[in-house]
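# Breakdown of the fold
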Amino acid sequence: MSISENYIKIRQEIPSHVTIVAAVKTKTTPEILELIDAGIKDIGENYIQELEQVSGELGTRKNEITMHMIGHLQSNKINKALKYCDTIQTIDSVKKAIAINNKIENSSKIIFPVLISVNIAEETAKHGVAPDFEEIQKVAECISQQKYLKLEGLMTLGPFGHTPEQLRPYFKKMKQFNDKLRLLNLPNTEIKTLSMGMSNSYKVAIEEGSNMVRLGTILLGPRNY
Ligand SMILES: *Cc1c(COP(=O)(O)O)cnc(C)c1O
């Protein structure tokens, strides 16, 4: 099946309240344009270099989509992320939140939506806040105090090498964290997004409360590294 057929099929299969973010790392602009032509509204980039290149090549077509930063963001790349992204899903510390807020003063963005990334299985090789509600709350409270940031929820990558059923308990835990976060009723905060589920796991993630899935391989085919 073609890229657009893949997208249309999955879009029809999953509930309409679930946002599909195309995870386009290593993919070309023509491939991304095929998705946009098929109706996708959300694109996720992992690497600043690709983000910059694709943004340039999309030109005004970029106005049709929301660009998400879904990869780990290094502090020295914040300016570029802000220039080319509409939202960052990978806030992983108080320090990062403050650094991003401080850079926004110099950019054209006024209120910038963000998610906190959670390292749900506490893997040493992964970034993200520890899977401990107190830790998440600390970062959330900090974001809520930042003038230019608006916290909208949580994201997780989930551990690799697991079957969807093995991932289910992690997704459940993420849903509980997001619900608890909403109950805090922090100022300037609207907890409405739970970003979890990838090509192999999106169905289980949706069953467990995800309303934003990030799909790469299943839409665009295997990546060429
Ligand atoms: C690559 C990537 C995805 C998509 O992975 P697939 O398994 O190809 O669907 C989702 N989220 C993030 C953060 C990624 O880096």
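For the structure itself, consult the block above.
Before going into details, it helps to say that this report is about the structure given with it. (Residues numbered from 1 in each chain as written. Predicted model: local features only at pLDDT ≥ 70, side-chain atom pairs only at ≥ 80, totals over all residues. Heavy atoms only, no water.)

A word on the packing of aromatic side chains. Using the criterion set out here, one finds one aromatic pair in the structure. Taking the centre distance of 6.3 Å and the plane angle of 20 degrees together, the rings of Phe133 and Phe177 count as stacked. Of the two residues, Phe133 is situated in helix H6 (residues 133-145) and Phe177 in helix H7 (residues 164-183); the sequence distance between them amounts to 44 residues. Across this residue pair, the class does not change: Phe133 and Phe177 are buried. (Phe/Tyr/Trp six-rings, centres within 6.5 Å; stacked < 30°, edge-to-face > 60°. Helix = DSSP H or I, 4+ residues; strand = E, 2+ residues; numbered from the N terminus. Buried < 20%, exposed > 50% of the residue type's maximum accessible area, 1.4 Å probe, protein only.)

Here we come to the environment of Ser117. As for its position among the elements, Ser117 is in strand S5 (residues 112-118). For Ser117, a relative accessible area of 7% gives the class buried. For Ser117 and Lys173, which are 56 residues apart along the polypeptide, the C-alpha to C-alpha distance reads 13 Å. Other than its neighbours up to four places away in sequence, Ser117 contacts Gln89, Thr90, Ile91, Asp92, Gly128, Val129 and Met155. (Contact = heavy atoms within 4.5 Å.)

This part covers the layout of surface pockets. One number sums up the size of the largest pocket: a volume of about 730 Å³. Sorting the residues of the lining of the largest pocket by element identifies S5 and strand S6 (149-156) as the ones contributing at least two each. Its residues assigned to classes, the lining of the largest pocket shows 13 nonpolar, 16 polar and four charged. There is about 190 Å³ of room inside the second largest pocket. Of the residues in the lining of the second largest pocket, the class split is three nonpolar, seven polar and three charged. (1 Å grid on protein atoms, 1.4 Å probe; cavity = no way out; pocket = protein on both sides within 12 Å on 5 of 7 lines; lining within 4 Å. Points joined across faces, edges and corners; volume = space filled by probe spheres on them. Nonpolar A, V, L, I, M, F, W, Y, C, P; charged D, E, K, R; others polar.)

With that settled, the discussion passes to unusual backbone geometry. One non-glycine residue, Glu122, lies in positive phi territory at about 50 degrees. Looking at the element boundaries, Glu122 is found in the loop between S5 and H6. Owing to a relative accessible area of 55%, Glu122 belongs among the exposed residues under this scheme. Positioned with a positive phi, Asn188 is a non-glycine residue whose angle comes to about 60 degrees. Positionally, Asn188 belongs in the loop between H7 and strand S7 (189-195). Taking the relative accessible area as the measure of exposure, Asn188 reaches 53% and is therefore exposed.

Let's shift gears to the pattern of salt bridges. Throughout the structure, instances matching the rule amount to 17 salt bridges. A salt bridge links Glu152 to Lys150; its shortest N-O distance comes to 3.3 Å. On the basis of relative accessibility, which here comes to 14%, the residue Glu152 falls in the buried class. Of the charged contacts in the structure, one is a salt bridge between Glu208 and Lys172, with a shortest N-O distance of 3.2 Å. Of this pair, Glu208 sits in the loop between helix H8 (202-207) and strand S8 (212-215) while Lys172 sits in helix H7, and the two are 36 residues apart along the sequence. Among the residues examined, Glu208 registers a relative accessible area of 12% and is labelled buried. (Salt bridge = Lys/Arg side-chain N within 4 Å of Asp/Glu carboxyl O.)

This part covers the environment of Arg182. Mapped onto the secondary structure, Arg182 falls in helix H7. Considering only alpha carbons, one finds Arg182 and Lys192, ten residues apart in sequence, at a separation of 8.1 Å. A distance of 3.0 Å separates a polar atom in the side chain of Arg182 from a polar atom in the side chain of Asp179. A distance of 2.9 Å separates a polar side-chain atom of Arg182 from the backbone oxygen of Ile191. (Polar contact = N/O pair within 3.5 Å; in protein donor to acceptor, adjacent residues only side chain to side chain.)

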